[in-house]
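The primary structure of each chain is shown beneath.
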Amino acid sequence: MSVTITGVDEVLAKLEKQFSKGKLTKIENEALTIGGQYVAVSLKRAVSAYRDTGATVNEVKVDKPRMRAGVRDIKIGWAGDGSKQRWRLVHLNEFGYTRFGRTYSPRGLGKIQGVYHDTMPTAKKLQAKQLRKLVK
């Protein structure tokens, strides 16, 4: 599971009129990075509630901003290249699972989705604030 943050469209439309494409891309990347780091910290705090060894928290990563399907965004997820490879277990903690006919609801049930809904408004405000700051 990963979290995707997209740019603030209204502000970017105004910025496109003022700056070259290269400069605008750099500005967008900085704003998305700030928002991504905020969400990653919140995500680490949420998954630390059910941590045992800390591998799930340590493997949370923020990718570099990229253009995907015509939209600049940033992915937040789990590294998967660490020795623990916790990305394989995250979906079990998030959604629960059934084993031998019995349904299990772990402590982390719905934590990641909750972080997504709680942090998106603030992350967008941080991005817009960063865009305004970089323009001046």
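Residues numbered from 1 in each chain as written. Predicted model: local features only at pLDDT ≥ 70, side-chain atom pairs only at ≥ 80, totals over all residues. Heavy atoms only, no water.

1. Looking at the pairing of strand 4 (residues 71-78)
A regular strand places its side chains so that they alternate between the two faces of the sheet.
Now for step 1: With respect to burial, strand 4 is a largely interior element, six of its eight residues being buried.
Now for step 2: Relative to strand 4, strand 3 (residues 66-68) is paired through three bridges, and the arrangement is antiparallel. Note on strand 4: the bridge partner recorded for Met67 is Arg72.
Now for step 3: The hairpin formed by strand 3 and strand 4 contains two residues between the paired strands, and Ala69 there has a positive phi angle of roughly 55 degrees. (Buried < 20%, exposed > 50% of the residue type's maximum accessible area, 1.4 Å probe, protein only. Helix = DSSP H or I, 4+ residues; strand = E, 2+ residues; numbered from the N terminus. Pairing = 2+ DSSP bridges.)

2. Some points on the packing of aromatic side chains
Now for step 1: Taken as a whole and judged by the stated rule, the model has one aromatic pair.
Now for step 2: On the numbers, 5.1 Å between centres and 20 degrees between planes, the contact of Tyr97 with Tyr104 is stacked. (Phe/Tyr/Trp six-rings, centres within 6.5 Å; stacked < 30°, edge-to-face > 60°.)

3. Examining the pattern of salt bridges
Now for step 1: Taken as a whole, this structure holds three salt bridges when the rule is applied.
Now for step 2: Between Glu28 and Arg72 there is a salt bridge whose closest N-O contact spans 3.2 Å. Placement of the pair is Glu28 in helix 2 (residues 21-47) and Arg72 in strand 4, with a sequence separation of 44 residues. A single burial state applies to Glu28 and to Arg72, both of which are buried.
Now for step 3: We note a salt bridge from Lys61 to Asp63, for which the minimum N-O separation is 3.4 Å.
Now for step 4: We classify Lys61 as partly exposed; its relative accessible area is 34%. (Salt bridge = Lys/Arg side-chain N within 4 Å of Asp/Glu carboxyl O.)

4. Digging into the environment of Asn93
Now for step 1: Residue position: Asn93 is located in helix 4 (residues 87-95).
Now for step 2: Taking the C-alpha atoms as reference points, Asn93 and Arg107, separated by 14 residues in sequence, lie 7.2 Å from one another.
Now for step 3: If we ignore the near neighbours within four places in the chain, the residues touching Asn93 are Tyr50, Pro106, Gly108, Leu109 and Gly110. (Contact = heavy atoms within 4.5 Å.)

5. Here we look at unusual backbone geometry
Now for step 1: Residue Ala69 is not a glycine yet carries a positive backbone phi of 55 degrees.
Now for step 2: When you line up the elements, Ala69 lands in the loop between strand 3 and strand 4.
Now for step 3: Even without being a glycine, Phe100 presents a positive backbone phi close to 55 degrees.
Now for step 4: Examined against the element boundaries, Phe100 turns out to sit in the loop between strand 5 (97-99) and strand 6 (102-104).
Now for step 5: Classification of Phe100 as exposed rests on a relative accessible area of 78%.

6. A closer look at the confidence of the model for the chain
Now for step 1: With 88% of its residues at a pLDDT of 70 or more, the chain shows a mean pLDDT of 83.
Now for step 2: The secondary structure element of the chain with the lowest average pLDDT is strand 1 (residues 3-6), at 54, and the one with the highest is strand 6, at 92. (pLDDT = per-residue confidence, 0-100.)

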